[in-house]
Amino acid sequence: MDIKSRRGVIKAGAIGALAAPFVGNAQAAAGQTWKVQSTWDAGTTGYNLFEAWCKSFKEKTGGELTILPFAAKSVAADNNALFEAVKTGVLQGMNPWTLYWAGKIPASVFLSSYPAGPDQPAQWDTMFYGLGMLKMAREIYAKQGLMYVGPIQHDANVIHSKVPITSLAEMKGKKIRLPGGMVSEVFQQFGVSTVALPGSDIFPALEKGTIDAADFVGPAVNYDLGFHQVTKYILMGPPGTMSIYQPVDLMDLTVNMGAWKRLSPKLQTLVEDEVKGYSLTQYVAIQKANVDAMAKFAKAGTQVSRLSQADVDAFRKAAIPIWFNWAKKDADATRVFKLQLDYMKNGVLGYLTDADLKGQTI
């Protein structure tokens, strides 16, 4: 498979360049080194951005913190191994898609976008940084010996298909790669046979025809991965919404708690601010790359279809009971979902009415 790569250049963090070394030379000489593995595949737009960001830390901290980046599977071979590697300190950190931990931390399904939930990046930043969800996330992860540093915006997810799909009804009987958890449960309501595969296994599964279609991230990275070579169709949400099932698929930086506590308070603040800045940097860079990628998909003959508003309404109706089922899995999931439910019902968004929620309780 021919995977094209781009070399991203990160010029500035959220707090700007430091005018002087962050610490004295003697302390810098004894600085810490973190090994941090991403779930981005090597050679993709996403990984190139992540790699450049990690490599900027040594200069920004005057040598007090060096971050060595690793692509997906390069240290920990799969998602379960990645979680355990950070928890036990084999790796000091990870840059995963947050919803991958649904089986370990049920509340994590509500720490990234979910089917027919809040669908704009600003809404998620508001919940994390304005409404108290970041504090909740950190308390939940601390129980696992982990520090949830902060969310990292990257993109919406789209579906690439070998066969034309223009509506939810046409998904019935199709075998589609989906991330599992809540997302798969909603699609199953429409007769989809769902398959869980890591990103690196999607291309060969499509090529061999063992699946009909696959969700993954946005157009830029999916083009990097060669999906145009093995599919002819892309399915998106209505105009202005690329995805109705994962419209704001958040990543994050999560760090081993011991490694985090070995940082000085001042350096902890710098890392937190860097995550905020990188979230914007990565998001904007990937959106620009998406624009370019869609032109490349068109040139390759890929056809795009979009779901209707009626499909969106049907999808939300199917999703709401599943939201509540996940919210009842433990007290942490309940607490996070209650914050989001209140926000979605608020007049600012107006996503939900009492009629929409009839018969549902948490």
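Here the structure is shown first, and the text comes after it.
What you are looking at is a predicted structure, and each value in this text was computed from that prediction instead of being measured.

*Asks:* Please set out the overall build of the protein residue by residue, giving values where relevant.
*Replies:* The helix and strand inventory of the protein stands at 13 helices and eleven strands. For the protein, the C-alpha radius of gyration of 20 Å lies close to 21 Å, the compact-globule estimate for 362 residues. Projected onto its principal axes, the C-alpha positions of the protein cover 65 × 50 × 35 Å. Taking the contacts inside the protein whose residues are at least 6 apart along the sequence as the reference set, 77% of them involve residues at least 24 apart. Of the roughly 14600 Å² of accessible surface on the protein, 54% is carried by carbon and sulfur atoms.

*Asks:* Provide a residue-level description of the pattern of salt bridges, including the pertinent values.
*Replies:* Tallying each qualifying case throughout the model produces 13 salt bridges. Across the pair Lys 104 and Glu 84 runs a salt bridge, and its minimum N-O distance is 3.8 Å. Residue Lys 104 is located in the loop between strand 3 (93–95) and helix 5 (121–129), and its partner Glu 84 is located in helix 4 (residues 79–88); the two are separated by 20 residues in the primary sequence. When its relative accessible area of 32% is taken as the criterion, Lys 104 is described as partly exposed. Notably, a salt bridge pairs Asp 354 with Lys 345, separated by 3.3 Å at the nearest N-O pair.

*Asks:* Could you give me a rundown of the sheet that holds strand 2 (residues 65–70), with the residues and numbers involved?
*Replies:* If you walk across this open sheet you meet the five strands as 2-1-3-10-4, and the pairing is mixed. If you trace the sheet from one side to the other, it starts and ends with strand 2 and strand 4 (146–155), each paired once. Averaged over neighbouring strand pairs, the angle between their axes works out to 20 degrees when direction is ignored. Pairing analysis gives six bridges linking strand 1 (residues 32–38) to strand 2, with the strands arranged parallel. Paired with Trp 34 across the two strands is Ile 67, which belongs to strand 2. Those strands touched by helix 5 are strand 4 and strand 10 (249–256), and its axis lies near 165 degrees from that of strand 4.

*Asks:* Before we move on, could you go through the sheet that holds strand 11 (residues 303–306) and cite the residues and values that matter?
*Replies:* Taking strand neighbours across the sheet as the criterion, the six strands line up as 7-6-8-5-9-11 in an open arrangement whose pairing is mixed. Single-partner strands in this sheet number two, and they are strand 7 (193–195) and strand 11. Averaged over neighbouring strand pairs, the angle between their axes works out to 25 degrees when direction is ignored. Sheet analysis places strand 6 (residues 175–177) next to strand 8 (residues 213–216), joined by two bridges and oriented parallel. Paired with Arg 177 across the strands is Ala 214, a residue of strand 8.

*Asks:* Can you lay out the packing of helix 12 (residues 309–327) against helix 13 (residues 331–345) for me, pointing to particular residues and giving the numbers?
*Replies:* Packing of helix 12 against helix 13 leaves a shortest axis separation of 8 Å and a crossing angle of 145 degrees. Contact residues: helix 12 offers Trp 323, Phe 324, Trp 326 and Ala 327, while helix 13 offers Ala 333, Thr 334, Phe 337, Leu 341 and Met 344. A per-class count over the contact of helix 12 with helix 13 returns eight nonpolar, one polar and no charged.

*Asks:* Provide a residue-level description of the packing of aromatic side chains, including the pertinent values.
*Replies:* Counted according to the given criterion, the structure contains 21 aromatic pairs. Relative to Tyr 148, the ring of Phe 128 lies with its centre 5.9 Å away and its plane at 10 degrees, an arrangement referred to as stacked. Within this pair, whereas Phe 128 is found in helix 5, its partner Tyr 148 is found in strand 4, the two being separated by 20 residues in sequence. Taken individually, Phe 128 and Tyr 148 each receive the classification buried, so the pair is uniform in this respect. Put simply, the rings of Trp 40, Phe 83, Trp 97, Tyr 100, Trp 101, Phe 216 and Phe 227 pair up and form one aromatic cluster. For the cation-ring pair, Arg 316 lies above Tyr 351, with the distance from its terminal atom to the ring centre recorded as 5.3 Å. The ring of Trp 326 is capped by Lys 329, whose NZ or CZ atom sits 4.5 Å from the centre of that ring.

What counts and what doesn't
- Throughout, a residue's number is its position along its own chain's written sequence, starting from 1.
- Only residues with pLDDT of at least 70 are given local features in this predicted model, and only at 80 or more are side-chain atom pairs given and counted; all residues enter the totals for whole chains, interfaces and linings.
- Side-chain metrics rest on all non-hydrogen atoms present in the structure, leaving aside hydrogens and water.
- Helix numbering and strand numbering both begin at the N terminus, where a helix is a DSSP run of H or I of at least 4 residues and a strand a DSSP run of E of at least 2.
- In this treatment the radius of gyration is a C-alpha quantity, and the globule benchmark scales as 2.2 Å times the residue count to the 0.38 power.
- Should any heavy atoms of two residues lie within 4.5 Å, those residues are considered in contact.
- To measure how exposed things are, a 1.4 Å probe is used in the Shrake-Rupley method; for residues, cover is taken only from the protein chains shown.
- For this analysis, a salt bridge means a side-chain nitrogen from Lys or Arg found within 4 Å of a carboxyl oxygen belonging to Asp or Glu.
- Exposure classes here rest on a 1.4 Å probe applied to the protein chains alone. A residue is buried below 20% of its type maximum, exposed above 50%, and partly exposed in between.
- Only when DSSP finds a minimum of two bridges between them are two strands counted as paired.
- In this analysis, axes come from line fits to C-alpha atoms, helices being fitted only over the stretch in contact, and the angle between any two N-to-C directions falls in the range 0 to 180 degrees.
- In this count, Pro and Cys sit with the nonpolar residues alongside Ala, Val, Leu, Ile, Met, Phe, Trp and Tyr, while Asp, Glu, Lys and Arg are called charged and the others, Gly among them, polar.
- Geometry of aromatic contacts follows a simple scheme: Phe, Tyr and Trp rings, the Trp one being its six-membered ring, pair when their centres are within 6.5 Å, and the pair is stacked under 30 degrees between planes, edge-to-face over 60, tilted otherwise.
- By the criterion adopted, a ring carries a charge over it if an Arg CZ or a Lys NZ lies within 6 Å of its centre and within 35 degrees of its normal.

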